[in-house]
Each structure stands twice: as C-alpha cells, then as structure tokens.
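Fold and geometry: a report
Chain by chain, the residues run as shown.
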Amino acid sequence: SRRSVLAATGGAGLAVGAAAGAGGHALAASDRPLELASIGSTAVPFHGTHQAGILDPAQARGHLAAFDLKAGAGRAEATALMRRWTKAASAMTEGRAADSDNQVALDAGPASLTVTFGFGASFLKKLGLPVPTALTPLPSFSADALDRRRGDGDLFVQIGADDALVAFNALRTLQRLAREVALPRWQMNGFNRSPGATARPMTTRNLMGQIDGTNNPEPSDPGFAAKVFVPAKGEPSWMAGGSYVVVRRIRMLLDAWDHLPPDRQERVIGRRKTDGAPLSGGSETTKVDLGKQKPDGSLAIAGDAHIRVAAPEANGGATMLRRGFSFHDGFAADGAPDAGLLFVAWQADPRQGFTPVQRKLDRGDGLSRFLRHESSALFAVPGGCAPGEYVGRRLLE
Ligand code: HEM
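Notes on the structure follow.

Quick look at the overall build of the protein now. For the protein, the helix and strand inventory stands at 11 helices and 12 strands. For the protein, the C-alpha radius of gyration of 22 Å lies close to 21 Å, the compact-globule estimate for 397 residues. Overall size of the protein, expressed as C-alpha extent along the three principal axes, is 70 × 55 × 50 Å. When burial is assessed residue by residue, the protein has 51% of its 397 residues classed as buried.

Shown next, in the form of structure tokens:
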C-alpha cells in the first residue's frame, strides 16, 4: 500500500521506501527514505467547517463529475455511499491509499488533492427530502446552448490535485466505490497552470490568454463569509458552512477570438492582456475605476467590457468566488478547438451571486459573442465534516 509520512504542517513529507532506484538496482537508495518534492508532499486538510476545494487555490488538474442514483437506491444506500466516499477522500487527501485503491498514485504524495461533494435537487427529490429554495433550478439565459445530458445530476464530485495521476486515481476510486449505488452521469476534465511554472506565484491565465481571477473576493474582504458560505445558523440547517456551486462548461470560440487584434481583446475584458491591469490604469491589483475617462471623454473601460458588466457594483453587490479549470477536449469536425472554461462559482445563494450577474452578462457583455454555455449544473455543497463523520451526515442521518 502507499505509505507516505507527511509532516504535520503539510510541508516536506517523506515517502517511505516508495521509490525504487532507477532500473531497480540501487537497493541502498530505495531503502533510504526519499523526500518528495514540495508539490507531491503538500496536503490540504480534508476536515473542517467548510469542505476543501473552495477556498484553496485551484490545482493544476481538475475532474468534475456528476453521478445519478441507480434505480432502487434510497436513503440507506446513499448514506452508505457518502460514508465510503468520505473515508476514501480523507485517506487519499492525506496521501494514504483508499480501500479499493488501484495503485495509480502509488509513488506520489497527496499533491494538494481536494475532494468536494455536493447534492443536486434531483437527489433530494428522489430521497423525498425538501429542496432548499437556493437550489431552485437556474433560469435559462438567451445565450444558453445547453446539453442536458452534460448538466445537473444527483451527486457532484469535484477533484483537484497538482498531479494528474493523483487526480485520476481519486476519481477512479470514487467511481468504483459508487458502482453498486450510483453511475456517472457526466464527467469533465480541466487544468490550470502548474505550481512552479512561473518565476513567482501569479494569477492563472485562461485559454483566451487573459489573467483570470484577479478580482475574486478575498476571505479578508468584509462580508466575504456571508457571501460565499451559508451561515452557521442558516437554512436549511444541514447546509451550515456549506456553499452552492454553479458549474458551467463554457466553450470559447477561439478562432473568432484570435481574429481580434490585442487592443480589441483588451477592450472586451477591460484589462490589459500582458499584466491584467485594468484599462483605467495601474497594475493588476489596482482598484478598477469604472468612471475613468480617456482624454477624448470616452470611458477607459468600455460600456460592454466584461469587468464592468460583471462587477458587484453593477449588480447590487452580487458576489461569487470563481474557481474554475480550463478544458480542451480536442478539435471539432471543422477544426475549431473544443476548449474553454469549466466555470465553477461558489456562493451562499446563487440568486444573489451567479444568477443576477449572468442575467446582466447575457444582455450586454462584449465577451459573450466569443462564448457558448454548453452545460449547466447547480449543487448544494454541505459544510465540511469532523474526523469520523461523513459529508452530508446532517442531511442524511
Ligand atoms: C472577471 C474572463 C465568464 C463573472 C473576469 C476577468 C476575466 C474573465 C479575464 C478579469 C480578471 C478577474 O477579475 O478575474 C471570463 C471568461 C469567461 C467568464 C473567459 C467565460 C469563459 C464569467 C461568468 C461570470 C463571470 C459566466 C458570472 C456569471 C466575473 C466577475 C468578474 C470577472 C464577477 C470580476 C469583475 C470585477 O469585479 O472586476 N472574467 N469570465 N465571468 N468575471 Fe468573468
């Protein structure tokens, strides 16, 4: 079995006898504990008030999946599955092999693995449980081109890791553990910049080449927790410390985008491509000045610029935490990349986060003509659990 001893701090860890010497002849070396590189040894705690995979930085690899309960599976089976999944996820995120592990991640540390579980409205309905009003299906938007088979679902799993094999192993393990109870409904794979790829830690870029994530709310911002998480005494009580996640597969029409000269591309977003600075001036982190005018009297950030239309100021304070992954699923028959953003947005209530902002973007965003929303899902992601507990216990017990 995979045995990696991690420093309690989650810092440098040791893989005990895990690595055989090159060619298998360096016996002495393979007996000696070898240090994992920090990417492998970093562990993100699984247990806590909130589930992991929301506040921590998005990893280099991501898998999103929805499962549907099999016919005949009810509350008892769903509860047993959440117990099995929780046990496996907490083991794997500590760098231990889960039951039913297939050794895909044998030599690696946890590599910042996070596993996040959610419930769809259809799951609650099947179990005869009330559906929170915040989980009411999202309205449709004029620009939607949704494939229903790739949307919604009973159970949601988000996996992130800084190693592709660790991420795959987690997904495969959970799918095997679900087999008797739930089958995959849809599954999507994404990626972000690998840690260490840039000279200093930087906001990642998306597949349009923009620095993406700059103006995300920060945990230190006033009111952050109330906007992203359901409060401890919130409704329903099983969602205390939880969050609602909107997942959209947004294809980028990259051939059309590439035809746009860089200054026009910057106008569409309202930020410079090179360094992400707002067109109102300064550097990436300078506060956006939406009122700023150019010498000719026109707005420095255009009326239909994405950051103007999406800004909380323009949407009654509507706020969400965006934590997505890029995707590339090859090329379409016409040669266009099937690529874009697996948009993942977290909020205490989508009716005060995603929905008003997307309504506005749907009407007046310069970026939307380069995008196609191809799938959509909304899940209730309950709060985290303590060691020995399982995710969703307050709903299912
Ligand atoms: C900001 C790209 C879809 C909401 C930004 C920024 C970029 C960007 C480059 C500026 C940097 C930053 O602050 O992160 C994209 C792309 C999208 C997309 C490529 C689709 C593929 C969406 C959607 C929503 C959204 C669907 C919500 C419904 C926001 C918000 C901001 C933002 C709230 C921050 C605005 C501010 O206060 O400055 N996006 N975005 N984006 N985007 Fe998007």
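This part takes up the coordination of the iron atom of the ligand. In this structure, the iron atom of the ligand receives exactly one donor atom from the protein: His306 (NE2), at 2.1 Å. For His306, the position within the fold is in helix H9 (residues 306-310).

Right, let's talk about the site of the ligand for a bit. Around the ligand there are 28 residues in total, and Gly213, Thr214, Asn215, His306 and Arg322 lie nearest to it. In this structure, an oxygen atom belonging to the ligand sits 2.7 Å away from a main-chain N or O atom of Asn215. Contributing elements (two or more residues each) for the shell around the ligand: strand E8 (243-252), H9, strand E11 (337-347), helix H10 (354-364) and strand E12 (371-381). When residues of the shell around the ligand are assigned to their parent elements, the largest contribution, 4 residues, is made by H10. Its residues placed into classes, the shell around the ligand shows 17 nonpolar, 8 polar and 3 charged.

A word on the packing of aromatic side chains. A complete count under the given rule lists 8 aromatic pairs for this structure. Considering the side-chain rings of Phe141 and Phe354, the 6.0 Å spacing of their centres and the 85 degrees angle between planes classify their relative orientation as edge-to-face. Taken together, the residues Phe141 in the loop between helix H4 (121-126) and strand E6 (155-161) and Phe354 in helix H10 connect sequence positions 213 residues apart. Judged by its relative accessible area of 3%, Phe354 falls in the buried class.

With that settled, the discussion passes to the pattern of salt bridges. Under the counting rule described, the total for this entry stands at 19 salt bridges. A salt bridge links Arg150 to Glu374; the nearest nitrogen and oxygen atoms lie 4.0 Å apart. Of this pair, Arg150 sits in the loop between H4 and E6 while Glu374 is found in strand E12, placing the two residues 224 residues apart along the sequence. On the basis of relative accessibility, which here comes to 29%, the residue Arg150 falls in the partly exposed class. Judged by relative accessible area, Glu374 falls into the buried class, the value being 11%. Residues Glu374 and Arg251 are paired through a salt bridge, measuring 2.9 Å at the closest nitrogen-oxygen approach. Note that Glu374 is positioned in strand E12 and Arg251 in strand E8, a separation of 123 residues in sequence. Residue Arg251 is classed as buried on the basis of its relative accessible area of 14%.

On to the packing of helix H3 (residues 75-93) against helix H5 (residues 164-178), then. The angle between the axes and the distance between the axes are what describe a pair of packed helices. Their axes nearest at 10 Å, the elements H3 and H5 cross at an angle of 160 degrees. With respect to H5, the axis of H3 lies roughly antiparallel. Taken as a pair, H3 and H5 cross one another with a handedness that is right-handed. Across from Leu81, Arg84, Trp85, Ala88 and Met92 in H3, the residues of H5 making contact are Asn169, Ala170, Thr173, Leu174, Leu177 and Ala178. Taken together, the residues of the contact of H3 with H5 break down into 8 nonpolar, 2 polar and 1 charged.

Analysis parameters
- Residues numbered from 1 in each chain as written.
- Predicted model: local features only at pLDDT ≥ 70, side-chain atom pairs only at ≥ 80, totals over all residues.
- Heavy atoms only, no water.
- Helix = DSSP H or I, 4+ residues; strand = E, 2+ residues; numbered from the N terminus.
- Rg over C-alpha atoms; globule rule 2.2 N^0.38 Å.
- Buried < 20%, exposed > 50% of the residue type's maximum accessible area, 1.4 Å probe, protein only.
- Donors = N, O, S within 2.8 Å, 3.2 Å for Na, K, Ca; no water.
- Near = heavy atom within 4 Å.
- Polar contact = N/O pair within 3.5 Å; in protein donor to acceptor, adjacent residues only side chain to side chain.
- Nonpolar A, V, L, I, M, F, W, Y, C, P; charged D, E, K, R; others polar.
- Phe/Tyr/Trp six-rings, centres within 6.5 Å; stacked < 30°, edge-to-face > 60°.
- Salt bridge = Lys/Arg side-chain N within 4 Å of Asp/Glu carboxyl O.
- Axes fitted to C-alpha atoms, helices over the stretch in contact; angles between N-to-C directions.
- Parallel < 35°, antiparallel > 145°, perpendicular 65-115°, else oblique.
- Left-handed = near helix turned anticlockwise from the far one by under 90°.
- Contact = heavy atoms within 4.5 Å.

Any functional reading would require information beyond the geometric quantities listed.
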